[in-house]
Amino acid sequence: MTNPYVPILILGGVALVLALGGLGASAIIGPKRYNRAKLDAYECGIEPTPHAVGGGRFPIKYYLVAMTFIVFDIEVVFLYQWAVNFSELALFGFVATMLFLVVITVPYLYEWRRGGFEWA
Amino acid sequence: MNTVTLGSLLASPHPVADFSNDNGWIWLLKAVGIVVFLLVSVLFALWFERRLVARMQLRPGPNWHGPAGAWQSFADAGKLLLKEDMTVKAADKVVYHVAPLISVTCALLIYAVIPFGPEVSIFGVVTPLQLTDFSGGVLYILGVTALGVYGIVLGGWSSGSTYPLLGAVRSTAQIISYELSMSLALIAVVIMSGSMSTSAIVEAQAQFWWAVTLFPAFVLYVISMVGETNRLPFDLPEAEGELVSGFMTEYSSMKFAWFFLAEYINMLNVSAVATTLFLGGWRAPWPLSAINDGMFNTGWWPVLWFVVKVWMFMFLFVWIRGSLLRFRYDQFMKFGWKVLIPIGLVFVVGVATIQVLRLELEGVDLRTPLMIGAGVVVVLAVLSLFLPERKEPEPELSEPEPFDAFAGGYPVPPLPGQVLPPSPRAARRAAAQEAAAEPGTVAVLEAEEAPQDEAGQTPETKESDDV
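Since this is a predicted model, take the numbers as computed values, not measurements.

### Comments concerning the overall build of chain A
In step 1: Each helix and strand in chain A was counted, giving 3 helices and 0 strands.
In step 2: Along chain A, helices and strands appear, N-terminal first, in the series α-α-α.
In step 3: Residues counted as buried form 22% of the 120 residues belonging to chain A.

### Some words on the environment of B:Ala75
In step 1: The topology assignment puts B:Ala75 in helix H2 (residues 72–81).
In step 2: Separated by 22 residues in the primary sequence, B:Ala75 and B:His97 place their C-alpha atoms 25 Å from one another.

### Brief notes about the pairing of strand S1 (residues 117–122) of chain B
For a regular strand, side-chain orientation follows a simple rule: the groups alternate between the two sheet faces.
Residues and elements named next belong to chain B.
In step 1: Bridging between S1 and strand S2 (residues 125–129) involves 5 bridges; their strand directions are antiparallel. Bridged to isoleucine 122 within S2 is valine 125.
In step 2: Here S1 folds back onto S2, and the loop between the two strands holds 2 residues, one of which, phenylalanine 123, carries a positive phi near 50°.

### Describing the packing of helix H5 (residues 162–193) of chain B against helix H8 (residues 215–228) of chain B
Residue and element names in this part refer to chain B.
In step 1: In contact at an axis separation of 8 Å, H5 and H8 are set at 155° when each is read in the N-to-C sense. By the angle class used here, H5 and H8 are roughly antiparallel. Here H5 and H8 pass one another in a crossing that is left-handed. Residues Gln174, Ile175, Tyr178, Glu179, Ser181, Met182, Ala185, Ala188 and Val189 of H5 pack against Ala217, Leu220, Tyr221, Ser224, Met225, Gly227 and Glu228 of H8.
In step 2: Looking at side-chain class alone, the contact of H5 with H8 contains 10 nonpolar, 4 polar and 2 charged residues.

### So, unusual backbone geometry
In step 1: Phi at B:Ala68 takes a positive value of approximately 55°, unusual for a residue other than glycine.
In step 2: Phi at B:Asn230 takes a positive value of approximately 60°, unusual for a residue other than glycine.

### Here we look at the confidence of the model for chain B
Any residue range with low pLDDT should be treated as having predicted coordinates unsuitable for detailed reading.
All names here are of chain B.
In step 1: Chain-level statistics for chain B give a pLDDT mean of 81 and a share of 87% at 70 or above.
In step 2: Note that pLDDT drops below 50 for residues 1–11; the model gives that stretch 21 contacts with residues more than four away or on any other chain.
In step 3: Note that pLDDT drops below 50 for residues 449–467; the model gives that stretch 2 contacts with residues more than four away or on any other chain.
In step 4: Scoring of the predicted complex yields 0.78 for pTM and 0.86 for ipTM.

### Brief notes about helix H10 (residues 253–278) of chain B
Residues and elements named next belong to chain B.
In step 1: Its 26 residues place the ends of H10 37 Å apart at the C-alpha level, agreeing with the 38 Å of an ideal helix rising 1.5 Å per residue.
In step 2: Of all the 26 residues making up H10, 25 are buried; the element is thus mostly covered by neighbouring parts of the structure.
In step 3: A positive backbone phi angle near 75° is found at glycine 280, which sits one or two residues after H10.

### Brief notes about the nonpolar core
In step 1: Counting residues in each nonpolar core, the largest one holds 132 residues, and the members touching the most others are B:Ala188, B:Val189, B:Tyr221 and B:Ala274.
In step 2: There are two domains that each give this core at least three residues, and those are domain 1 (1–32) and domain 2 (58–113) of chain A.
In step 3: Discounting residues that sit within four places of it in the chain, B:Ala188 has contacts with B:Leu214, B:Ala217, B:Phe347, B:Val348 and B:Val351.

Thresholds applied
- Residues numbered from 1 in each chain as written.
- Chains lettered and ligands numbered in written order.
- Predicted model: local features only at pLDDT ≥ 70, side-chain atom pairs only at ≥ 80, totals over all residues.
- Helix = DSSP H or I, 4+ residues; strand = E, 2+ residues; numbered from the N terminus.
- Buried ≥ 20, exposed ≤ 12 C-beta atoms within 10 Å, placed from the backbone.
- Pairing = 2+ DSSP bridges.
- Axes fitted to C-alpha atoms, helices over the stretch in contact; angles between N-to-C directions.
- Parallel < 35°, antiparallel > 145°, perpendicular 65-115°, else oblique.
- Left-handed = near helix turned anticlockwise from the far one by under 90°.
- Contact = placed C-beta atoms within 7 Å.
- Nonpolar A, V, L, I, M, F, W, Y, C, P; charged D, E, K, R; others polar.
- pLDDT = per-residue confidence, 0-100.
- Expected span 1.5 Å × (residues − 1).
- Core = buried A, V, L, I, M, F, W, Y, C linked by C-beta atoms within 7 Å.
- Domains from an automatic or database assignment.

As structure tokens, then:
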């Protein structure tokens, strides 16, 4: 049995060669006429405020989405293991997974009620 | 266990396709083939989308270069290659250069586990038309899709500019939100197929496509895949009026081209996943599959069905773009978190309940109670249409206060609750109607209007002049 992950490495290699080749080609044949204004950020010619790198700030809501996502993503990954072995685990697996779902759903409803999904 | 009643449940969790004949050269050939297929598909998709959207908007679209404008996409690709590659001053140099590479490489990797067809003979080697397959195929697809988000968030962050940063966080929040409903939709497929390997899932759909038996999951997946690829009506990261071009704003030349290419390849990816997991993959549609003892399910024919099914989804993408308007961001997040995810969870629980009942109550006929249950749900849904809607209490209208549009020296529109005074002409007309209601004053009114008509203009032409 050959290792089924080796072809993915080969495809990744081909994709990376293509991507780097494109960048290299454009670096070789593209024009290079630099001036200072061209290298400024897209912001009407002034420095962007707040400066993004290092001090870049964005609404705290996105952190909330990210944390909720992690909780749900882990839940989903566990559900996949159960789904593949559904017929072997049968009733035991079903009851256990439903209890797990309840444990995840209660905080979800709590966040919903507390306005965690409101964007207005 | 009884294999007769539980046929679909007992599929092996391991891949059905047999890769034992493959060697390094076959792998390389398939890998290059996948990349070429995707690049050609993207060039075609650019032309296809422009032409189709143009037709939907009653204009011709690109029709100048080549037959029906087909070379327009080549011209665009060449133009991007010939443009100057700039790095903005504020950029974080290393991350800025790496981000487009992450995006495009991850997008190209998804097709590794997508089956194009059954076994064929390539240069004398019998091999499946699929690069590779393993028992975690669906997880691989979800994982690599999630890795692609790094390209977006790093590209937006490293540009050192405000619009890309906002576009990147928006895009990331959007993709991870819709990825959840997408994975929830796929769990039902995995339960029914009993495997995460894509070739085994295609095999499990020999009888019924999951799009038919798991229709709600299919709808959920189709909605989430549009959100996942940042397409209209969910193209908020690139809402031109608000964020210029989102995370791509500071990119030019081939780096921009790679982000753009990754976006279109991602459309092809989600279409291929939808085809494989819900529409029977490379299997011929029903009337064709019965012809000549399944002739159309062997050899190279399946590639045709696969490509046709994928392009059905591409057509759907363009159709949606031509028909719908962009969502507002709060509506969009609300839709994802408060509608799609609960529906996905409830559907997974429902499918699992029915399947576990089938397992535990072997020999008991579940069809009758299920049909009765479905009938009750439909009747309740229909009855709910006849329930009287709860009336919102009418807001009490207070007497509108007089509003002078020119109070500040220049005209301003009225705020809610304020009413503009009637225009001079409307005031005249109201006065005339009031006068007409009292028969005693008719003569006076006519005498007033007569001098206006002397100028040779009827009242109608005067009105159109005013406009």
